[in-house]
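Here are the chains, one letter per residue:
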Amino acid sequence: MGTGSNRKTDSKTRNSSRQTGGQTHEERTDFSCGRRIWIEPLNIMVTIIAAVGRNRALGKDNDLIWHLPADLRRFKSLTRGHHVIMGRKTFESLGKPLPKRTNIIVSRNSDYEAPGCVVVSSLEEALKEAQSDPNPYILGGAEIYKQALPICDRMDLTWVHEDFEADAFFPDFDQSE
């Protein structure tokens, strides 16, 4: 998508992969949130990207609760070269900035420092920092997803077909939008 485009993504796609031997089943859904955000002077397409358990689980104890190598490769390929926006706890769970991306960390702590990253105090500030990228990605965690849901243009979710014990959950949303 080029800068200033008014194109809206309406497509819905589902990809499933089933494995045997008690392995986790996964399905990828890509669909539009049906909302636009305008940040002067650019019109950007904000994409939420996440892997979500059947019970909307995201993680536990500030860590992922599954390991999906194919999904991780896909995540890297989609986000490489883009601005990625995440909360402080998500960043700390990674341990370092994601390479070949502009890492933007949202933290309420005005003294927070993350070498190699841009640190801001709100999602709105993060989106202003990302306005040079026509397609910034929201990486989480749960609170950042909740704040981004009303303004995102697209969601790229990998549905993991199991219920997980978790302490962080993806927010409810209307899948028909």
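Shown above is the structure to which this text applies.
Anyway, here's the lowdown on the structure attached to this text. Because the structure is a prediction, the values reported are computed rather than measured.

### Some points on the sheet that holds strand S6 (residues 57-60)
Backbone hydrogen bonds hold the strands of a sheet together, and the pairing may be parallel or antiparallel. Pairing is antiparallel in the open sheet, where three strands are placed in the order S7-S6-S13. Looking at which strands have only one partner, the edges of the open sheet turn out to be strand S7 (63-64) and strand S13 (168-169). Pairing between S6 and S7: two bridges, direction antiparallel. Looking at the pairing, Gly-59 lines up with Leu-64 of S7.

### A word on the side chain of Arg-101
Relative to the elements of secondary structure, Arg-101 occurs in the loop between helix H2 (88-94) and strand S9 (102-106). Buried and unpaired, Arg-101 has no salt bridge, with Asp-133 as the nearest side chain of opposite charge at 9.7 Å. Engagement of the side chain of Arg-101 in a polar contact is seen with the side chain of Thr-79, the distance being 2.8 Å. Once you skip the residues sitting within four places of it in the chain, Arg-101 turns out to touch Lys-76, Thr-79, Arg-80, Gly-81, His-82 and Val-84.

### Observations regarding the packing of aromatic side chains
Summed over all chains, the structure comprises three aromatic pairs. Aromatic pair Tyr-145 and Phe-170: ring centres 5.0 Å apart, planes at 50°, arrangement tilted. One end of the pair, Tyr-145, is in helix H4 (residues 142-148); the other, Phe-170, is in the segment after S13, with 25 residues separating them in the sequence. By the burial criterion, Tyr-145 is buried, and Phe-170 matches it. Ring-pair connections join several aromatic residues into one group, and the members of that group are Tyr-145, Phe-170 and Phe-173.

### Quick notes on the pairing of strand S11 (residues 137-140)
Note that strand S5 (residues 47-53) and S11 share two bridges and pair parallel. From the neighbouring strand, Thr-47 faces S11, where its bridge partner is Tyr-137. Bridge count for strand S8 (residues 83-87) against S11 is three bridges, and the pairing is parallel. Looking at the pairing, Ile-85 lines up with Ile-138 of S11.

### Observations concerning the pairing of S6
Relative to S13, S6 runs antiparallel, the two being bridged by two bridges. Paired with Ala-57 across the two strands is Phe-169, which belongs to S13. In textbook terms, the turn of a hairpin is the stretch between consecutive antiparallel strands, and for S6 and S7 this stretch comprises two residues, one of which, Asp-61, has a positive phi near 55°.

### A word on the nonpolar core
The biggest cluster of nonpolar side chains holds 25 residues, and the ones touching the most others in it are Ile-48, Ile-85, Ile-138, Met-155, Leu-157 and Phe-170. Of all the secondary structure elements, the ones that give two or more residues to this core are S5, S9, helix H3 (123-129), H4 and strand S12 (154-160). Those residues in contact with Ile-138 that sit more than four places away from it in its chain are Val-46, Thr-47, Ile-48, Ile-49, Ile-85, Leu-123, Ile-144, Tyr-145 and Ala-148. By size, the runner-up hydrophobic cluster in this structure holds 12 residues, among which are Ile-49, Met-86, Phe-91 and Leu-98.

What counts and how
Residues numbered from 1 in each chain as written. Predicted model: local features only at pLDDT ≥ 70, side-chain atom pairs only at ≥ 80, totals over all residues. Heavy atoms only, no water. Pairing = 2+ DSSP bridges. Helix = DSSP H or I, 4+ residues; strand = E, 2+ residues; numbered from the N terminus. Buried < 20%, exposed > 50% of the residue type's maximum accessible area, 1.4 Å probe, protein only. Lys, Arg positive; Asp, Glu negative; His and termini not counted. Salt bridge = Lys/Arg side-chain N within 4 Å of Asp/Glu carboxyl O. Polar contact = N/O pair within 3.5 Å; in protein donor to acceptor, adjacent residues only side chain to side chain. Contact = heavy atoms within 4.5 Å. Phe/Tyr/Trp six-rings, centres within 6.5 Å; stacked < 30°, edge-to-face > 60°. Core = buried A, V, L, I, M, F, W, Y, C linked by side-chain atoms within 4.5 Å.

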